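What follows is the residue order along each chain.
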Amino acid sequence: MVHHSGSIQSFKQQKGMHTSISEIIKEKSLKPSRRSLPCLAQSQTHPQNLNHILSLPPLSRPTPLARSTSPSCTPITHKTAEDGRDQYTEESEAGAYGSRTDQSLLIQKPSTRSRLETRTESLQENNPVGPSGLVFRDGKKRIDYILVYKKSSLQVEKRCTFERNLRAEGLMLEKEPSLTNSDIMFVKIHAPWDTLCKYAEQMNIRMPFRKKCYFTDWKNKAMGRFQLRLRQLKSWLPKNPMKLDKEALPDLEETDCYTAPFSRARMHHFTIINRETFFSNSTRSRIVHHVLQRTKYEDAKSKIGINRLLGNGTYEAAFPPHEGGYRSRHSIKTHGALNHRHLLYERWARWGMWYKYQPLDLIRRYFGEKIGLYFAWLGWYTGMLIPAALVGLLVFLYGLFTMDSSQVSKEICEANTTIMCPMCERNCSPWRLSDSCIYAKVTHLFDNGGTVFFAIFMAIWATVFLEFWKRRRAELTYDWDLIDWEEEEEELRPQFEAKYSRLERVNPISGKPEPFQPFTDKLSRLMVSVSGIFFMISLVLTAVFAVVVFRLIAMEHFASFKWEFVRKNWQFATSGTAVCINFMIIMSLNVVYEKVAYLLTNLEHPRTESEWENSFALKMFLFQFVNLNSSTFYIAFFLGRFAGRPGKYNKLFKRWRLEECHPSGCLIDLCLQMGVIMVLKQIWNNFMELGYPLLQNWWSRRKIKKGGQNVESKVLLPQWDKDWNLQPMNAHGLVDEYLEMVLQFGFTTIFVAAFPLAPLLALLNNIIEIRLDAYKFVTQWRRPMPARATDIGIWHGILEWIGVLAVITNAFVIAITSDYIPRFVYAFKYGPCVDKGYRHEKCLRGYMNSSLSVFDMGDEEKGHRYCRYRDYRAPPWSPEPYDFTLQFWHVLAARLAFIIVFEHLVFGIKSFIAYLIPDMPKDLCDRMRREKYLMQEMMYEAELEHLQKERKKNGRQYHHEWP
């Protein structure tokens, strides 16, 4: 044991300056704070039957083999026993584990298939839970990771070298043939105690101290009588039905303690009562995955890591095993949970739990902090959508109840004598304005007096959502012990290490040499990547242009359609078919975008996994955001703006007349575009997330049954065989999950002024999305590698950027797309209430007539010489016919002024709210500072106690003071 004199001297000085730790505890009455890791091994609680299933009764062990002088990897040979069964034998998996491993820890010979089935049956008799004990054949060594390969694979040499190097790193391997596929072989990996300690120290994994837990909320004693009475009153009220019952989730009842990076030199500081439970399942899997990522399979520097072996077909899959089945024949209320997976299914993934809060601590413990943060963010986003959905619904209902009393709708419905100019060139004829009565009423549902208020509300809502999420994230990172976990502790990607292994520089943080990417190389790769991004965005714009051309062609055909219903509603038919075609183009191009983004990201050679994921996420967002919203931007800001006027229409390629807006405006087209794409995309995403994996897993089970393998029941299959038949998690991790929600957030905020029901649709989708994702993670996917993260990565910056863009787009939608500004100008400048102020709908009397200009068609056509069109132009009999009137310039000036005032007002409110809401709660800051102080005192007493024990053990005289 090495003790640093500088640290000891600092501890001694602190001891003289401060009171003892026992006096501090006596002085303050402290309330438990929720931290991630339990303080004692007993606090790592499992469901009632979890310990039983994870530690099966040990089987009778065969005589250990003699230790081999060097690790070997002999291909498995196929034999035929006398009874006709297939028999598989292989050499011992014993490696050179050094002096720390004795003969009893060597891995034994694999059994034959018949003996495997016999052992499975005996386990079923002795343990009614099932054969999925997740241990080696000796019944003791826990399985931490599973590798899968085909016996027919030609990459035998690479696999043998890789497995030999894994043993040299301290891992223990055992092979097992599949019961469902004779060509599949499983490699079970176990990390011994010494290996776990070694890599836990290298990876700076924080583990709990051995000392007594010191809680931090010292304000509990100072709580006033009012707060105590308020607590008593709350205890008398009915329980919140959304909260999870702690009796149903005993696993969430954790005690607390301080944590520090694990160190073998200071192992006496940590709580190590039971070595089997000191490192959790997720931590063990992370350590094994770390080793797999950095083990060579050939002598070349680039030939390294399990990812390359998965890519070249050496291995078919690599995953940590699930902790058992997720279903049980017995009720969880009476018999308890079989394992964490069963507990997650019953209390989280079932559809009957849709109204309950999520067990985030249990999700984090089973899937890791990264996935836990995703579900925490998704739950927070869904909860914040509730007020937005309610306000949007109220705005929509306001438009619904005022639809018949709207002055504009009345004028349109009563305009039986107003003849409108033809909407297209060849097949359209003049029509009456009253024919669009229903169109005008539907437009009023979304374009009414509440539109501006709702746009301001949603801009503020987006800021409040992000600011309060920062506070929620800070609490989670504290509870999950991620405060001191920084990106500097993140490992380099094996591909980056292999590519730039010859170029090294000293890391300014750690002071150690590491591979380095030159600036010129990084810049050149980045330029190629940016060029690829612009090319794909130009491809999107080309697809949007094709949809615009389709709208122009379809407009002529639907106007002369045989069916009267289609001919009468040809604008709806044109917009509806264009939206559907646009949706199909969007979903088709998304497949291409994903492959291009993956290629460009690998070309950049990011340094760490988080950098790779952030780069890939940014590309995917840019591609899909432009792909999804480009047509929406066209309808909102370009449709009908450059159509021209009767007698002087603008034409595309001098052939197709540009489309113009309805007399009620283009807002209804924007609503239709948003509604159809949002609903169809959510349905498609939900099918691809759950329906597609269900179909794949069903097809796998069907092939197993059709193949006629000798498997009596699925229950008899070991857990690794069941996991192999599940679908792997997406290769891009959580990028697809976040991307779907972030794009939805954009739809909910960017054009919300045109579609106030967007938050309600998003809320309903997210309630389903949470349970879909939960069901998928627990039942349909293999267990992902538990990863750590302190935030949601680059997605937070993207959400803030969307919030800024939403303010700008909503200002333009209200000013340009809707009729709010023209109605406002008419009421205050040209209407009957000019001197009385804008008081009620009667002030808009005559608005429709003032917004329509007159065109002279020349020849009498069906008894009408003049027709009306939507614009502010002089009549044909004026001195300057068809020139813009003064009202046009008034409206234009009002629109520009509204955009400036709206943006500055909303940005000012957003900035003020962001300033008022701190990123971290004050009580959390106080807790963290106090814990840091208490931890220093605790480390001093732990070191002093250890030194005194050492002196006493050596028979030396010792004192209570530091020597």
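Everything here concerns the structure above.
Keep in mind that this is a model prediction, so the values were computed, not measured. (Residues numbered from 1 in each chain as written. Predicted model: local features only at pLDDT ≥ 70, side-chain atom pairs only at ≥ 80, totals over all residues. Heavy atoms only, no water.)

**Here we look at the nonpolar core**
- Residues Phe-367, Trp-377, Tyr-381, Trp-461, Phe-621, Leu-670 and Trp-795 are the most contacted members of the largest nonpolar core, which totals 153 residues.
- If one sorts the elements of this core by residue count, helix 14 (residues 369-401) sits on top with 15 residues.
- Contact partners of Phe-367, with chain neighbours within four places excluded, come to Leu-344, Trp-348, Phe-777, Val-778, Pro-784, Pro-786 and Ala-787.
- Counting 31 residues, the second-largest nonpolar core is a separate cluster that includes Leu-147, Leu-171, Ile-205 and Tyr-315. (Core = buried A, V, L, I, M, F, W, Y, C linked by side-chain atoms within 4.5 Å. Buried < 20%, exposed > 50% of the residue type's maximum accessible area, 1.4 Å probe, protein only. Helix = DSSP H or I, 4+ residues; strand = E, 2+ residues; numbered from the N terminus. Contact = heavy atoms within 4.5 Å.)

**With respect to the pattern of salt bridges**
- Throughout the structure, instances matching the rule amount to 25 salt bridges.
- Where Glu-174 meets Lys-188, a salt bridge forms, and the shortest distance between an N and an O atom there is 2.8 Å. Separated by 14 residues along the polypeptide, Glu-174 in strand 4 (residues 172-177) and Lys-188 in strand 5 (residues 184-190) bring together distant segments of the chain. Summarising the burial analysis for this pair, Glu-174 and Lys-188 share the class buried.
- Between Glu-467 and Lys-470 there is a salt bridge, with the nearest N and O atoms lying 3.4 Å from each other. Placement of both Glu-467 and Lys-470 in helix 17 (residues 451-479) is noted, with a separation of three residues, approximately one turn of the helix. (Salt bridge = Lys/Arg side-chain N within 4 Å of Asp/Glu carboxyl O.)

**Section: the environment of Leu-503**
- Within the element layout of this structure, Leu-503 appears in the loop between helix 18 (494-499) and strand 11 (504-506).
- Every residue in contact with Leu-503, bar those within four places of it in the chain, is listed here: Glu-514, Pro-515, Phe-516 and Pro-518.

**Thoughts on the sheet that holds strand 3 (residues 145-150)**
- Read across the open sheet, the four strands follow the order 4-5-3-8; overall the sheet is antiparallel. At either end of the open sheet lies a strand with only one pairing partner, and these are strand 4 and strand 8 (317-319). Going from strand to strand, the sheet's axes swing by 20° on average, the running direction of each strand aside.
- The pairing of strand 4 with strand 5 spans six bridges and is antiparallel. When the bridges of strand 5 are listed, Glu-176 appears paired with Phe-186.
- Across the sheet, helix 5 (residues 156-168) touches strand 3, strand 4 and strand 5, and the angle it forms with strand 3 is around 160°.
- In this fold helix 9 (residues 281-293) packs onto strand 3 and strand 5, with an angle of close to 45° to the strand it touches most, strand 3. (Pairing = 2+ DSSP bridges. Axes fitted to C-alpha atoms, helices over the stretch in contact; angles between N-to-C directions.)

**Considering the pairing of strand 4**
- In terms of residue burial, strand 4 counts as a mostly covered element, since six of its six residues are buried.
- On strand 4, burial covers both faces: Met-172, Glu-174 and Glu-176 on one face and Leu-173, Lys-175 and Pro-177 on the other are all buried.
- Between strand 4 and strand 5, which pair antiparallel in sequence order, lie six residues.

**Considering the packing of aromatic side chains**
- All told, the structure shown has 53 aromatic pairs when counted by the stated rule.
- Each ring, one from Phe-625 and one from Trp-801, has its centre 5.6 Å from the other, and the planes form 75°; the classification is edge-to-face. With a gap of 176 residues between them, Phe-625 in helix 22 (residues 609-637) and Trp-801 in helix 27 (residues 794-817) connect regions that are remote in the sequence.
- Aromatic side chains Tyr-820 and Phe-898 sit 6.3 Å apart centroid to centroid with 55° between the ring planes, which places their arrangement in the tilted category. Of the two residues, Tyr-820 is situated in helix 28 (residues 820-830) and Phe-898 in helix 30 (residues 886-916); the sequence distance between them amounts to 78 residues.
- Its end group placed over the ring of Trp-720, Lys-188 keeps NZ or CZ at 4.6 Å from the ring centre.
- When the ring centre of Tyr-366 is taken as reference, the NZ or CZ atom of Arg-783 above it lies at 3.9 Å. (Phe/Tyr/Trp six-rings, centres within 6.5 Å; stacked < 30°, edge-to-face > 60°. Lys NZ or Arg CZ within 6 Å of the ring centre and 35° of its normal.)

**Focus on the state of the cysteines**
- Applying the stated criterion across every chain yields a total of two disulfides.
- Disulfide partner of Cys-413: Cys-437, at an S-S distance of 1.9 Å. Between Cys-413 and Cys-437, the S-S torsion sits near 80°, and that sign places the bridge as right-handed. Here Cys-413, found in helix 15 (residues 407-413), pairs with Cys-437, found in helix 16 (residues 437-446); they are 24 residues apart in sequence, far enough to count as distant.
- The class of Cys-413 is partly exposed, set by a relative accessible area of 21%.
- The disulfide partner of Cys-421 is Cys-867, and the gap between their sulfur atoms is 1.9 Å. (Disulfide = S-S within 2.5 Å.)

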